[in-house]
Amino acid sequence: MLEIKNLVKRYGRDKAVLEGLDLKVEGNSVVSIVGASGAGKSTMLRCINRLVEPTSGSITLNGTELVNLKGGDLRRARRKIGMVFQGFNLLDRLTVMENVLAGRLGYVNLYQAITRRYPQADIERAFMLMERVGIAQYANKRADELSGGERQRVGVVRALMQEPEVLLADEPTASLDPRTSEQIMMLLQSLASELSLPVLINIHNVAQAKTYTERIVGLRHGKMIFDGAPTDFNKDALDAIYGGIEAPDEAVSDARTEERTHDPA
Amino acid sequence: MTRPDAHTTAPRTWKKPPFIANPLIRYGILILAVAYLVWAFGSLPFNWARISEGLPRAARIFSGGFPPNLERYELLLTGFKESFQIAILATLLGVFLSIPFAVMAARNVAPMPIYLVGRAVIIISRSFHPVIVAILFVAAVGFGPLAGILTLTLYSIGFVGKLLAEEIEEIDWGQVEAMRATGAGYLATLFYAVFPQILPRQVGLSMYQLDSNLRASAVVGIVGAGGIGSTLMNAFGRYDYDFAFAILLVIIAVILLSEGISGWVRKKIW
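Given the structure is predicted, the values throughout are model-derived calculations rather than measurements. (Residues numbered from 1 in each chain as written. Chains lettered and ligands numbered in written order. Predicted model: local features only at pLDDT ≥ 70, side-chain atom pairs only at ≥ 80, totals over all residues. Heavy atoms only, no water.)

Engineer: Break down the overall build of chain B for me, with residues and values.
Structural biologist: Broken down by element type, chain B carries 10 helices and zero strands. In terms of overall dimensions, chain B is more spread out than a globule: its C-alpha atoms have a radius of gyration of 27 Å, far above the 18 Å expected for 270 residues. Burial analysis of chain B (270 residues in total) assigns 40% to the buried set. Excluding contacts between residues fewer than 6 apart, the proportion of contacts in chain B whose partners are at least 24 apart in sequence is 75%. When the accessible area of chain B is evaluated, it comes to approximately 16,300 Å², of which 72% is carbon and sulfur surface. In chain B, which carries 21 positive and 15 negative side-chain charges, the distance between the mean positions of the two groups comes to 8 Å. (Helix = DSSP H or I, 4+ residues; strand = E, 2+ residues; numbered from the N terminus. Rg over C-alpha atoms; globule rule 2.2 N^0.38 Å. Buried < 20%, exposed > 50% of the residue type's maximum accessible area, 1.4 Å probe, protein only. Contact = heavy atoms within 4.5 Å. Areas by Shrake-Rupley, 256 points an atom, 1.4 Å probe, with all protein chains shown as cover. Lys, Arg positive; Asp, Glu negative; His and termini not counted. Charge placed at Lys NZ, Arg CZ, Asp CG, Glu CD.)

Engineer: I'd love a proper account of the interface of chain B and chain A, names of residues and values included.
Structural biologist: The partner chain A presents 31 residues to the 21 residues of chain B that form the contact. Here chain B meets chain A over a buried area of about 2,200 Å², counting both sides, of which 62% is carbon and sulfur. Three residues stand out in chain B for area buried against chain A, namely Glu 177, Thr 182 and Tyr 192 of chain B, and they jointly supply 32% of the buried area on that side. Taken together, chain B and chain A are joined by one salt bridge. Notably, a salt bridge pairs Glu 177 of chain B with Arg 46 of chain A, separated by 2.9 Å at the nearest N-O pair. Among the elements of the structure, helix H7 (173-181) and helix H8 (186-222) of chain B are those that each provide at least two residues to the side of chain B that touches chain A. (Buried area = accessible area lost by both parts, 1.4 Å probe. Salt bridge = Lys/Arg side-chain N within 4 Å of Asp/Glu carboxyl O.)

Engineer: Lay out the environment of Phe 96 of chain B in plain terms, naming residues and giving numbers.
Structural biologist: Relative to the helices and strands, Phe 96 of chain B resides in helix H3 (residues 73-104). When the C-alpha positions of Phe 96 of chain B and Gly 229 of chain B are compared, they lie 25 Å apart, and in sequence the two are 133 residues distant.

Engineer: Explain the domain arrangement of chain A to me, and be specific about the residues and the numbers.
Structural biologist: Residues and elements named next belong to chain A. Each domain of chain A was delimited in the assignment, giving domain 1 (2-80 + 164-261) and domain 2 (88-146 + 153-163). Together domain 1 and domain 2 conceal approximately 1,300 Å² of surface at their shared face, both sides included; 63% is due to carbon and sulfur atoms. Inspection of the domain 1/domain 2 interface yields one salt bridge. Measuring nitrogen to oxygen at the nearest pair gives 2.7 Å for the salt bridge that ties Arg 132 to Glu 194. At the surface where domain 1 touches domain 2, the tally comes to seven residue pairs in polar contact (both at pLDDT 80 or more). Contributions of two or more residues to the side of domain 1 that touches domain 2 are made by helix H2 (71-79) and helix H7 (178-194). Per-element accounting of the side of domain 1 that touches domain 2 gives the leading share, seven residues, to H7. In the side of domain 1 that touches domain 2, the residues fall into nine nonpolar, three polar and five charged. (Domains from an automatic or database assignment. Polar contact = N/O pair within 3.5 Å; in protein donor to acceptor, adjacent residues only side chain to side chain. Nonpolar A, V, L, I, M, F, W, Y, C, P; charged D, E, K, R; others polar.)

Engineer: Quick rundown of a nonpolar patch on the surface? Include the residues and the values.
Structural biologist: Residues and elements named next belong to chain B. A grouping of Leu 37, Phe 41, Leu 44, Phe 46, Trp 48, Ile 51 and Leu 55 is seen on the molecular surface, where their side chains present a nonpolar patch of about 790 Å² in accessible area. Here the nonpolar patch takes three residues from helix H2 (residues 48-65), the largest share from any one element. Locating Leu 37 in the fold gives a position in helix H1 (residues 23-43). (Patch = residues over 30% accessible without salt bridge, like charges linked within 9 Å, V, L, I, M, F, W, Y side chains within 5 Å.)

Engineer: Residues and numbers for the nonpolar core, please.
Structural biologist: Core analysis: the biggest nonpolar cluster contains 113 residues, and Met 44, Ile 48, Leu 105 and Leu 200 of chain A have the highest contact counts within it. Here the element with the most residues in this core is H8 of chain B; it accounts for eight residues. Residue contributions to this core reach at least three from each of two domains, namely domain 1 (2-80 + 164-261) and domain 2 (88-146 + 153-163) of chain A. Those residues in contact with Ile 48 of chain A that lie beyond four places of it in its chain are Leu 2, Ile 4, Ile 59, Leu 66, Ile 81, Leu 168 and Leu 200 of chain A. Ile 228, Leu 232, Ile 247 and Val 254 of chain B belong to the second-largest nonpolar core, a separate cluster that totals 14 residues. (Core = buried A, V, L, I, M, F, W, Y, C linked by side-chain atoms within 4.5 Å.)

Engineer: Would you mind going over the sheet that holds strand S5 (residues 64-65) of chain A in detail, with residue names and values included?
Structural biologist: Residues and elements named next belong to chain A. The four strands are arranged S2-S1-S4-S5 in an open sheet whose pairing can be described as antiparallel. The open sheet has two edge strands with one neighbour each: strand S2 (18-25) and S5. One ladder, built from six bridges, connects strand S1 (residues 2-9) with S2; its direction is antiparallel. Within S2, the residue paired with Lys 9 across the bridge is Leu 18. Running at roughly 120° to S1, helix H1 (residues 41-48) makes contact with S1, S2 and strand S4 (56-61) of the sheet. (Pairing = 2+ DSSP bridges. Axes fitted to C-alpha atoms, helices over the stretch in contact; angles between N-to-C directions.)

Engineer: Before we move on, could you go through H8 of chain B and cite the residues and values that matter?
Structural biologist: Owing to its 3.6 residues per turn, the α-helix brings residues three or four apart onto one side. All names here are of chain B. Between its first and last C-alpha atoms H8 spans 44 Å; for 37 residues at 1.5 Å apiece the expected length is 54 Å, and the helix comes up short by more than 12%. When the local axis directions of H8 are compared, the greatest deviation, roughly 50°, occurs at Phe 195, which is followed within four positions by the proline Pro 196. The buried fraction of H8 amounts to 26 of the 37 residues, a majority that puts the element mostly inside the structure. Backbone geometry just downstream of H8 places Gly 224 in the positive-phi region, at approximately 105°. (Expected span 1.5 Å × (residues − 1). Bend = angle between axes of the 7 residues up to and from the residue.)

Engineer: Before we move on, could you go through the pairing of strand S8 (residues 199-202) of chain A and cite the residues and values that matter?
Structural biologist: All names here are of chain A. Residues of S8 alternate between two faces, with Val 199 and Ile 201 on one and Leu 200 and Asn 202 on the opposite face, all of them buried. Note that strand S3 (residues 30-34) and S8 share four bridges and pair parallel. In the sheet register, Val 31 faces S8, and the bridge partner there is Leu 200. Relative to S8, strand S7 (residues 166-170) is paired through four bridges, and the arrangement is parallel. Paired with Leu 168 across the strands is Leu 200, a residue of S8. With H7 bridging S7 and its parallel neighbour S8, the resulting β-α-β unit is right-handed. (Right-handed = clockwise from strand over helix to strand, strands pointing away.)

Structure below.
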């Protein structure tokens, strides 16, 4: 169970991006988080695995408080949080198999990592997951030779290699064409139930959010203004979330620059 | 699209705006530069009498150098063998050591105190010409190839380290974030997300550095750091101008060859 309590994130002295957010995700539910760019979706997700440092508040994953972890404790906690990125963030010059096995980097030692001597069980799991999503035939191909949809599958498998207790997906379909992005959404939905894994998906496509997820959370200006089932997500909710903000499509490029500036170094 | 005034007024002209807008400053700088040149030439102690005395001496040296004499080719081969050894060893050591210093000197992967140390090492090793460093090392470890190797290693660390650090600062940060998100440690992140991204650049720089070290090994030899430079200096010292000229010609040939090879390899790898 993932529980976020009164999460605040402020960059420098600016107005807070997240203003006391509360969210509870249980079981294997698939939750989509919608909101215009700058609403704080990406920041919220990145606070969970601490790619962004929260200013205050509490985030617990199955009883472990994540906000104050440091060093080795933080790395051990991150192993339990899988993440899928908008730009895939694959290791382009390495093979698909190396990318997938990189999901185990939190578990193996440095020697095993550098020499690629991963435990047999990891290799079995890698092949099993790659077969499940249909990329096993690319194991020895370089990651940048794959198409967008295939690359995102590698990203998903890498995250699942961590044996995560929660999966975060930061606009996983925003760089994909409409059909491929539906396939990825379907994949995330079915993996969530197969592995009984809670999944949080930041998404701009409201139609896909309603189709493939069982709960929608709407953010605006760092506050949660909607939390409910897709059937309750009506025109009013949509206006409340996006109202007064033009063309949510523009968010794609905005989200990229936003990612850059978040670097905690 | 329409130009309403075109037929009523004179044809409009356009000139590129001057680099310095203010005419006073523009011509002032020009006058100052010319005045300085005149003053500098006037005040430097050129002794025309000595220069004219020297010209016949130069002619004697040049005529003594022709035809170049390759009879003592064994000395030449020994010198070149040593130069190659110096260049190759220094390149290997320098390129290898430049990696940790480059990581230290890259702002995005090194914490502030480490960054300052890394930058300092690179700046110091770049601030002196190899010849000056060679003089210091010859004084420290004595004549011979060891001084040459140490000099060129330091030179390589400075050059390759600086360029690699800049390359690290420009990597795709998303890959680093992805590795951090898996719970990977600092070194594992470096080996998976950083090094593969700078690898092509690293190979190219190493080739260039080998080329450059070969050239520099001839120069540092002149101050006593071993290699073909020392052979050349000895030949001059014994007034063997024909042998010295033979050495110079062979150096040119070898540099041309190594430049060709390294250019070809870099093109293949890019």
